[in-house]
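Structural characterization, general
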Amino acid sequence: MGSGRYEGVGFSTVSSDDAIRKCCYWGQKTPLGIGVARGSNGWYATVLYR
């Protein structure tokens, strides 16, 4: 995880931004890196936090 200490995951059928907002700790910790992938049913996001 590099310098990240926490990881949050999220899913959305609406958009990639919505998947990011649904990740655990979003708005509570400082993000260090964000990854998003489009699946057959929607978007999957992973965020690494400080």
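Provided above is the structure to which this section pertains.
To keep things clear, this report deals only with the structure shown in the data block. Just so we're clear, the structure is a prediction, and the values are computed from it rather than from any experiment.

**Considerations on the side chain of S12**
Considering the arrangement of structural elements, one finds S12 in strand β1 (residues 6–12). Owing to a relative accessible area of 1%, S12 belongs among the buried residues under this scheme. There is a polar contact of 2.9 Å between the side chain of S12 and the backbone nitrogen of V14. Engagement of the side chain of S12 in a polar contact is seen with the backbone nitrogen of S15, the distance being 3.4 Å. Excluding residues that lie within four positions of it along the chain, S12 makes contacts with D18, A19, K22, G42 and W43.

**Some points on the sheet that holds strand β3 (residues 43–49)**
What the three strands build is an open sheet, ordered β1-β3-β2; its pairing is antiparallel. Because the sheet does not close on itself, it has two edges, and the strands there are β1 and β2 (31–38). Taken over all neighbouring pairs, the strand axes of this sheet differ in orientation by 15° on average, direction set aside.

**Here we look at the pattern of salt bridges**
All chains considered together, the criterion is met by two salt bridges. For the salt bridge of D18 with R21, the shortest nitrogen-to-oxygen distance reads 3.7 Å. One end of the pair is D18 and the other is R21, both in helix α1 (residues 16–21) and three residues apart, which spans about a single turn. Since its relative accessible area comes to 49%, R21 is described here as partly exposed. Residues K22 and D18 are paired through a salt bridge, measuring 3.3 Å at the closest nitrogen-oxygen approach. Beyond isolated ion pairs, a larger network of salt bridges with shared partners links D18, R21 and K22.

Quick notes on the rules
- Residues numbered from 1 in each chain as written.
- Predicted model: local features only at pLDDT ≥ 70, side-chain atom pairs only at ≥ 80, totals over all residues.
- Heavy atoms only, no water.
- Helix = DSSP H or I, 4+ residues; strand = E, 2+ residues; numbered from the N terminus.
- Buried < 20%, exposed > 50% of the residue type's maximum accessible area, 1.4 Å probe, protein only.
- Polar contact = N/O pair within 3.5 Å; in protein donor to acceptor, adjacent residues only side chain to side chain.
- Contact = heavy atoms within 4.5 Å.
- Pairing = 2+ DSSP bridges.
- Axes fitted to C-alpha atoms, helices over the stretch in contact; angles between N-to-C directions.
- Salt bridge = Lys/Arg side-chain N within 4 Å of Asp/Glu carboxyl O.

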